[in-house]
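Commentary on secondary and tertiary structure
What follows is each chain in one-letter form.
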Amino acid sequence: MSLEYPENLRYLDTHEYVRLDGEIATVGISAFAVDQLGDVVFLELPEIGDVVTKGERFGSIESVKAVEDLNSPVTGTVVERNEILIESPEQVADDPYGDGWLLKVRADDPEDIEDALTAEEYSAQVEG
């Protein structure tokens, strides 16, 4: 099965992705993670105004198979969270890179993402 890893995103080895638009980082989980989790039943996300720290847990995602921590690719302040997914977490599987985003964070330092994996590196890691 071939999964998509958009080139305009950077990835963590814990399967989160980040897309930077100016200082706003959109954070989600990769199609690989969604595929591995199976049916997602619960999502725990921070509140707007909370501070997240690069490399540290900001919430969790729970499926019928497992509960996984979600780790932040950047340090900054949560400016938006995907309320639709809080209500209907299974929808993350429909479009993980589009409507399935989890958080929008105002990054303290946009260069935080520089050490994240490229799509090619991430793909090689998860499919290798």
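Relevant structure appears above.
Here the residue numbers are simple positions, counted from 1 along each chain's written sequence. The predicted origin of the model limits local features to residues at a pLDDT of at least 70 and limits the giving and counting of side-chain atom pairs to 80 or more, whereas totals for whole chains, interfaces and linings rest on all residues. Processing note: side-chain calculations cover all non-hydrogen atoms of the structure and skip hydrogens and water entirely.

1. Focus on the overall build of the protein
Which entries qualify depends on this criterion: By the criteria applied, helices consist of DSSP H or I runs no shorter than four residues and strands consist of E runs no shorter than two, each listed in order from the N terminus. Throughout, the radius of gyration refers to the C-alpha atoms, and the reference size of a globule is 2.2 Å times the residue count to the power 0.38. The criterion used for residue contact is that any of the two residues' heavy atoms lie within 4.5 Å. Per-residue and other accessible areas follow the Shrake-Rupley method at a 1.4 Å probe size, with only the shown protein chains counted as cover for residues. Neither His nor the chain termini are counted; the positive set is Lys and Arg, and the negative set is Asp and Glu. Each charge is placed at NZ for Lys, CZ for Arg, CG for Asp and CD for Glu.
Of regular secondary structure, the protein possesses three helices and nine strands. When the elements of the protein are put in sequence order from the N terminus, they spell out β-β-β-α-β-β-β-β-β-α-β-α. The C-alpha radius of gyration computed for the protein amounts to 13 Å, which stays within 12% of the reference 14 Å derived for 128 residues, consistent with globular compactness. Referenced to the eigenvectors of the C-alpha coordinate spread, the extents of the protein come out at roughly 35 × 35 × 20 Å. In the protein, once contacts between residues fewer than 6 apart in sequence are set aside, the share between residues at least 24 apart is 64%. Surface exposure of the protein reaches about 6600 Å², of which carbon and sulfur atoms provide 43%. Looking at charge distribution, the protein has the averaged site of its 8 positive side-chain charges lying 3 Å from that of its 31 negative ones.

2. Focus: the pairing of strand β9 (residues 103-107)
Note the threshold: Exposure classes here rest on a 1.4 Å probe applied to the protein chains alone. A residue is buried below 20% of its type maximum, exposed above 50%, and partly exposed in between. Any two strands between which DSSP finds at least two bridges are classified as paired.
Of the two faces of β9, only one is covered, namely that formed by L103, V105 and A107; the face formed by K104 and R106 stays uncovered. For strand β3 (residues 24-29) and β9, the ladder comprises four bridges, and the chain directions are antiparallel. Along β9, the bridge assignment pairs T26 with K104.

3. Here we look at the sheet that holds strand β6 (residues 57-63)
Backbone-to-backbone hydrogen bonds pair the strands of a sheet. The strands run either parallel or antiparallel. Here is the rule we go by: To define axes, lines are fitted to C-alpha atoms, for helices over the stretch in contact only, and angles between the resulting N-to-C directions are given on a 0 to 180 degree scale.
Reading across the sheet, the three strands line up as β4-β6-β7 and stay open at both edges, with antiparallel pairing between neighbours. Each end of this open sheet is capped by a strand with a single partner; those strands are β4 (40-44) and β7 (67-71). If you compare each strand with its neighbour and ignore which way they point, the axes differ by 20° on average. In this structure, β6 lies alongside β7, joined through five bridges in antiparallel fashion. Directly across from G59, in β7, lies its bridge partner L70.

4. Focus: the packing of aromatic side chains
The condition that has to hold: When two rings of Phe, Tyr or Trp (its six-membered ring) have centres within 6.5 Å they constitute a pair, described as stacked for plane angles under 30 degrees, edge-to-face for angles over 60, and tilted for the intermediate range.
For the coordinates displayed, the defined rule picks out four aromatic pairs. Centroid distance Y11 to Y122: 4.8 Å. Interplanar angle 10°. Geometry classified as stacked. A residue pair is termed long-range when its members are at least 10 positions apart, and Y11 in strand β1 (residues 10-11) and Y122 in helix α3 (residues 119-127) qualify at 111 residues. Both residues of the pair, Y11 and Y122, count as buried.

5. Side note on a negative patch on the surface
Rule in force here: Residues qualify for a patch when their relative accessible area is over 30% and they have no salt bridge, like charges being joined within 9 Å and the nonpolar side chains of Val, Leu, Ile, Met, Phe, Trp and Tyr within 5 Å. For this document, the term salt bridge refers to a Lys or Arg side-chain nitrogen within 4 Å of an Asp or Glu carboxyl oxygen.
Negative charge collects at one region of the surface, where D39, E90, D94, D95 and D99 lie side by side. Positionally, D39 belongs in the loop between α1 (31-37) and β4.

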